[in-house]
Amino acid sequence: MSTNPEYNMTGIDYANRNHFVSLDFPVIDIHSHVTMTSPSDSAQGPAGGSGLKGSTEHAEKMLRIAEEFGITKTISMCPIDDVEPLKATLGRKIGFNAMINKKPEESEIDVLKNLDRFLDSGIVMVKLWSAPRGRERGFFVNAPWRKTALKHAFANGIRSVMVHVGDPDCWWESTYKDTVKFGTKAEQYPPFEEMLNEFPEFNWIGAHMGGDPEHPDHLQNLLEKYPHLHFDTSATKWQIREVSLRREQIRFLIEKFPDRFLFGSDLVTRHGLDAEHYVSRYWCQRTLWESSWEGRSPIQDPEFKNVPPEAHQTPELKGVALSPPTLKKVYYENAHLILTKR
């Protein structure tokens, strides 16, 4: 059993970037969680030190490393109190995406008040987090209070909505075994399609490759049905594990719809993280999408099933090697168009 850290299980040299494409354009990370942090942060869950009580140290570290990988703009989801201190420190390197959520005791009016605070701060899009584990809290993608919030956001100039719908297939073997409580994976998508039909005026972004990199045929069907739908590449471990298994199908899909995919990392700031943690995610993302590199993923992946168990500790990483014109769209042009559309 390797004693290497989670961000480098294979002992790889992250300074070796010879397989990267030389980019003559900036990269936009459309999906991240840059927040204020605190020494009290736990290994899991949200970072602490919200607002002025927190520190920008890790936000600065993460975006400094992002620049080393060509990323000049990062769109973040964070608490409203974090927006102003992060903006003051990071300036044009960062933009913001407002989560439309609510506590059980809150009303629709409370949702709109919170959204107004985000709108006043200059957000560029909104997010509907609708993973199956959020059902108990009423976080259905098509909840009436979310529909009201989307109408309010549109009236105030917002034109893009990001959605987390679905989760890895393998979670239905463990976390979501109780399908009466969580629904099947297939049952996550009809409410999402309801929203795509009801709000065609928005650009929709399906986070984490639409929550279904395991089924490129399903993603293609959605893209063909909904011309205003896009997918982002975020959730590094998930994409490595599933995209690498379907490299040819995923390459075909993205090359067929080059205007519909956006680069995203899903990287999260957390106090105490090694710089190499951030490096590992950017290195793997760029390796996956722009190169034909093949080898074991350097990142620990609890969802990976070793067959046989002693064979490998991490899944294969097989680069998709997108064509240069498509890569430019995925890394920059598609996000730029969405962010500047008003």
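If you're wondering where the values come from, they're calculated on a predicted model, not measured in any experiment.

(A) Representation of the pattern of salt bridges within the structure. Under the defined criterion, the tally for this structure stands at 22 salt bridges. With a shortest N-O distance of 3.1 Å, Lys181 and Glu136 are connected by a salt bridge. Here Lys181 is found in helix α5 (residues 179-182), whereas its partner Glu136 is found in the loop between β4 (125-130) and α4 (144-155), with 45 residues between them in sequence. Glu136 sits in the exposed class, given a relative accessible area of 63%. A salt bridge links Asp259 to Lys329; its shortest N-O distance comes to 2.9 Å. Here Asp259, found in the loop between α10 (247-256) and β8 (261-262), pairs with Lys329, found in helix α12 (residues 324-340); they are 70 residues apart in sequence, far enough to count as distant. Overall, Asp259 belongs to the partly exposed group, its relative accessible area being 41%.

(B) Up close: the sheet that holds strand β7 (residues 229-232). The strand order across the open sheet formed by eight strands is β1-β2-β3-β4-β5-β6-β7-β8, and the pairing between neighbours is parallel. Either end of the sheet is taken by a strand with one partner, and the two such strands are β1 (27-32) and β8.

(C) Representation of the pairing of β1 in the model. Within β1, six of the six residues are buried, which leaves it mostly tucked inside the rest of the structure. Pairing of β1 with strand β2 (residues 71-76), which is carried by four bridges, proceeds in the parallel orientation. Residue Asp29 lies in a different strand from β2, and its bridge partner there is Thr74.

(D) Looking closely at the side chain of Ser234. Checked against the element boundaries, Ser234 lands in the loop between β7 and α9 (236-245). Only 2.6 Å separates the side chain of Ser234 from the side chain of Asp232, close enough to count as a polar contact. Beyond its immediate stretch of four places on either side in the chain, Ser234 contacts His31, His208, Gln239, Gly264, Ser265, Asp266 and Gln285.

(E) Expanded view of the environment of Lys181. The exposure class of Lys181 is partly exposed, given its relative accessible area of 38%. When the C-alpha atoms of Lys181 and Leu219 are compared, they prove to be 25 Å apart, with 38 residues separating the residues in sequence.

What counts and what doesn't
- Residues numbered from 1 in each chain as written.
- Predicted model: local features only at pLDDT ≥ 70, side-chain atom pairs only at ≥ 80, totals over all residues.
- Heavy atoms only, no water.
- Salt bridge = Lys/Arg side-chain N within 4 Å of Asp/Glu carboxyl O.
- Helix = DSSP H or I, 4+ residues; strand = E, 2+ residues; numbered from the N terminus.
- Buried < 20%, exposed > 50% of the residue type's maximum accessible area, 1.4 Å probe, protein only.
- Pairing = 2+ DSSP bridges.
- Polar contact = N/O pair within 3.5 Å; in protein donor to acceptor, adjacent residues only side chain to side chain.
- Contact = heavy atoms within 4.5 Å.

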